[in-house]
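# Geometric and topological summary
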Amino acid sequence: MKVGILGASGYVGGELLRLLLRHPRVEVSLATSSSRAGDFIHRVHPNLRGLTKMKFVPPDPSKITDECDLLFVSTPHGVSSSLTPQILESGVRVIDTSADFRLKDPHAYVKWYGMQHRCPELLEKAVYGLPEIHRREIRDAQLVACPGCMAAAAILALAPIVKSGKIERNRIVADFKVGSSGGGAKPTLASHHPEHYGVVRPYKPVGHRHTAEIEQELRILAGGEVSVAMSAHSVNMVRGILATCHVFLVDPLSMIDVWRIYRGFYRDEPFIRLVREARGIYRYPDPKIVVGSNYCDLGFELDDDHSRLVLLSALDNLMKGAAGTAVQDMNIMMGWPEAEGLWDTGLHPI
Amino acid sequence: MGFLMNCPECDAELEIPEDVISGEIISCPDCGMDYEVHIKENGELELKPAEIEGEDWGE
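Just so it is clear, the model here is predicted, and its values are computed rather than measured. (Residues numbered from 1 in each chain as written. Chains lettered and ligands numbered in written order. Predicted model: local features only at pLDDT ≥ 70, side-chain atom pairs only at ≥ 80, totals over all residues. Heavy atoms only, no water.)

Attention shifts here to the sheet that holds strand E6 (residues 143–145) of chain A. Residues and elements named next belong to chain A. Taken in spatial order, the six strands of this open sheet run E2-E1-E3-E4-E6-E5, and their pairing is parallel. A strand with exactly one partner marks an edge of an open sheet, and here the two such strands are strand E2 (27–31) and strand E5 (127–128). Of the strand pairs in this sheet, strand E1 (residues 2–6) and strand E3 (residues 70–73) are connected by four bridges, and their pairing is parallel. When the bridges of E3 are listed, Ile5 appears paired with Phe72. Here helix H4 (residues 80–89) sits on the sheet and contacts E1, E3, strand E4 (93–96) and E6; the angle it forms with E4, its principal contact strand, is near 160 degrees. (Pairing = 2+ DSSP bridges. Helix = DSSP H or I, 4+ residues; strand = E, 2+ residues; numbered from the N terminus. Contact = heavy atoms within 4.5 Å. Axes fitted to C-alpha atoms, helices over the stretch in contact; angles between N-to-C directions.)

Written out as structure tokens, the structure is:
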């Protein structure tokens, strides 16, 4: 099958190329970039030298539909919604890693992204591309919207306990530590090395955009309102997210109850690992261990004195938080083995 | 072939060797807890948590 990548010169585009160039069932037929058209791919993504001699091409919708059967879109927010309707009309399936089709409510785009949605009629048709929650709908989808990286971490941490009904659904706090690649490939003063090195920068203590999709997805699981208060920090790493979610129990739970809830929910999931070890130095999830892999490591600890359950989630923002999930979605859409092309473990030590 | 017991901490299945003896340490592959096997007079097996040393970064 021929696949294309629209917006392939960014970090997510580079990660998609890394995965797709080695995927046994696809051929990468085009990789577009407005800013780097004509350049060799390995000049922008030097880790791909030797894997391909392709060059970036300008984004031309008519060529895209001629040259691929499935298109990955990794453009900045707001760009995809201007191109995707035309692509879909031609019969090409789309997996979008931007935020343009994640939310079901068009008004939410005005509130969280400051824009009127260009094609609100597509929002209902788009499937939220988190396989652990929407695997069945992803199979037949024409348009899949990949979750935001922090949203993926939080939803995977919270989904089992929210669905269990054992917690106060209106009192959930999610704290994030995020690596600098989450900010994209475009440099800013905030990402300038002297300004970013060594930081623990609370860049969004309240009001982060991913709140909208976290609450949207957890509402579906809970069958009612769910309120999640988010705080996000930029920290001194390149890749990775650690989400620490605090929930409060309605009735006491034992640790064995928590294990059963999480094992039951994620039974047979290829990319979810439960990490709560009694020994060793990695007793809870740590982003360092999942970098480069499609795993999301989940852990938990009970705080009986405060009726609190702490849920921990670690993933690579460019992999399970973007490109890895996108390729997992493609495998599901095509009926291929779900983990094909995604079996890399993280590196240790790194 | 041995038999299976459940981890008292996390409920994972623990493989107990058929020739297990009292005092033997069994580790849980999922949560890493160690248990000392205690064989009662009636032949029943009991798993007693073994001590695990923690880290201290607070000095």
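Next comes the rest of the write-up.
Next up on the list: helix H10 (residues 255–265) of chain A. Residues lying three or four places apart along an α-helix face the same way, a consequence of the helix completing one turn every 3.6 residues. For H10 of chain A, every residue scored as buried is listed here: Met255, Ile256, Val258, Trp259, Ile261, Tyr262 and Arg263 of chain A. Those residues of H10 of chain A that are buried lie in contact with helix H7 (149–164), strand E11 (272–274), strand E12 (296–303) and strand E13 (308–315) of chain A. (Buried < 20%, exposed > 50% of the residue type's maximum accessible area, 1.4 Å probe, protein only.)

All names here are of chain A. Read across the open sheet, the seven strands follow the order E8-E9-E7-E10-E13-E12-E11; overall the sheet is mixed. Of all the strands in the sheet, the pair left with one neighbour each is strand E8 (200–204) and E11. Sheet twist, expressed as the average angle between the axes of neighbouring strands with direction ignored, equals 25 degrees. Pairing of strand E7 (residues 167–178) with strand E10 (residues 241–249) involves eight bridges; the strand directions are antiparallel.

Turning next to the interface of chain B and chain A. Across the boundary between the two partners, chain B contributes 16 residues, which contact 12 residues of chain A. When the two sides are added together, the surface that chain B and chain A hide from each other amounts to roughly 1,100 Å², 39% of it contributed by carbon and sulfur. By the criterion of area lost to chain A, the three top residues of chain B are Glu9, Asp11 and Asp30 of chain B, representing 38% of everything that side buries. Summed over the shared surface of chain B and chain A, the number is four salt bridges. Taken together, chain B and chain A are joined by seven residue pairs in polar contact (both at pLDDT 80 or more). For the side of chain B that touches chain A, the per-class residue count stands at eight nonpolar, two polar and six charged. (Buried area = accessible area lost by both parts, 1.4 Å probe. Salt bridge = Lys/Arg side-chain N within 4 Å of Asp/Glu carboxyl O. Polar contact = N/O pair within 3.5 Å; in protein donor to acceptor, adjacent residues only side chain to side chain. Nonpolar A, V, L, I, M, F, W, Y, C, P; charged D, E, K, R; others polar.)

Here the focus is the packing of aromatic side chains. Residue and element names in this part refer to chain A. All chains considered together, the criterion is met by six aromatic pairs over all chains. Centre to centre, the rings of Phe265 and Tyr266 are 4.9 Å apart; their planes meet at 75 degrees, and the pair counts as edge-to-face. Assessed through its relative accessible area of 23%, Phe265 is described here as partly exposed. Ring-pair connections join several aromatic residues into one group, and the members of that group are Trp259, Tyr262 and Phe300. (Phe/Tyr/Trp six-rings, centres within 6.5 Å; stacked < 30°, edge-to-face > 60°.)

On to the domain arrangement of chain A. All names here are of chain A. Looking at chain A, the domain boundaries give domain 1 (2–125) and domain 2 (150–315). For domain 1 and domain 2, the distance between their C-alpha centroids amounts to 27 Å. Contacts between the two partners involve 10 residues from domain 1 and, on the opposite side, 13 residues from domain 2. Summed over both sides, the interface between domain 1 and domain 2 buries roughly 1,000 Å², with carbon and sulfur atoms accounting for 54% of that surface. Among the residues domain 1 hides against domain 2, the three largest losses belong to Tyr11, Arg102 and Trp112. Together they make up 54% of the total. If you look at where domain 1 meets domain 2, you find two salt bridges. For Glu15, the salt bridge identified is with Arg239, shortest N-O distance 2.8 Å. Here domain 1 is connected to domain 2 by six residue pairs in polar contact (both at pLDDT 80 or more). (Domains from an automatic or database assignment.)

Right, let's get into H4 of chain A. All names here are of chain A. Within H4 the residues assigned to the buried category are Ser80, Ser81, Thr84, Ile87 and Leu88. Angular distribution of buried residues about the axis of H4 spans 120 degrees; they occupy a single face of the element. In this structure, the buried residues of H4 make contact with helix H3 (61–67), E3, E4 and E6. Backbone geometry just after H4 places Gly91 at a positive phi near 95 degrees. (Arc of directions from axis to C-beta.)

Residues and elements named next belong to chain B. Pairing geometry for strand E1 (residues 3–6) and strand E2 (residues 13–16), over four bridges, is antiparallel. Counted as the bridge partner of Leu4 is Glu15 from E2. Counting the residues that bridge the hairpin from E1 to E2 gives six residues, and of these Asp11 lies at a positive phi of roughly 75 degrees.

A separate point is the pattern of salt bridges. Residue and element names in this part refer to chain A. Taken as a whole and assessed by the stated rule, the structure comprises 22 salt bridges over all chains. Put simply, Asp344 and Arg22 hold a salt bridge, and the shortest N to O gap is 3.2 Å. Remark: Arg22 occurs in the loop between helix H1 (11–20) and E2 and Asp344 occurs in the segment after helix H12 (319–334); sequence separation between them is 322 residues. A salt bridge links Lys177 to Asp175; its shortest N-O distance comes to 2.8 Å. With a relative accessible area of 29%, Lys177 lands in the partly exposed category.

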